[in-house]
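Here is what each chain is made of, one letter per residue.
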Amino acid sequence: MQNAVTYFPGHRTLFEEKYLEGKAEGEARGEARGVLRVLEVRDLVITDAVRERIVTCSDLTLLNDWLDRAGTVERAEDLFSTGPGSPAAEQTPQDRQPRS
């Protein structure tokens, strides 16, 4: 039987990789719940398509952008707008960096 080492930071073991994947997935789920909650509190209509797009997103930077914008959009669908004049189009790549 092989010994399993549970101390893994920096060792790139299977345990570490799975732990980090789970952590990222949990963070994404939390951000998605936050986006949906802000939209719900603002009494905006959230279609099934919008809900699905939010809850299936795993990009933390994008979810952070959506969370920031959820408090100001007029419609839930506007979270995804990137045309001229939309808040997403006005951000620079540096503005889109994840918060620490």
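Residues numbered from 1 in each chain as written. Predicted model: local features only at pLDDT ≥ 70, side-chain atom pairs only at ≥ 80, totals over all residues. Heavy atoms only, no water.

Caption draft 1: Structural view of the confidence of the model for the chain. Per-residue pLDDT for the chain has a mean of 77; in total, 64% of the residues score no lower than 70. By mean pLDDT, helix H4 (residues 87-90) is the weakest element of the chain at 46, and helix H2 (residues 48-55) is the strongest at 94. (pLDDT = per-residue confidence, 0-100. Helix = DSSP H or I, 4+ residues; strand = E, 2+ residues; numbered from the N terminus.)

Caption draft 2: Fine view of the pattern of salt bridges. Using the criterion set out here, one finds four salt bridges in the structure. A salt bridge links glutamate 40 to arginine 51, with the nearest nitrogen and oxygen atoms 3.8 Å apart. Of this pair, glutamate 40 sits in helix H1 (residues 14-41) while arginine 51 sits in helix H2; the two residues are eleven residues apart in sequence, bridging distant segments of the chain. Among the residues examined, arginine 51 registers a relative accessible area of 30% and is labelled partly exposed. (Salt bridge = Lys/Arg side-chain N within 4 Å of Asp/Glu carboxyl O. Buried < 20%, exposed > 50% of the residue type's maximum accessible area, 1.4 Å probe, protein only.)

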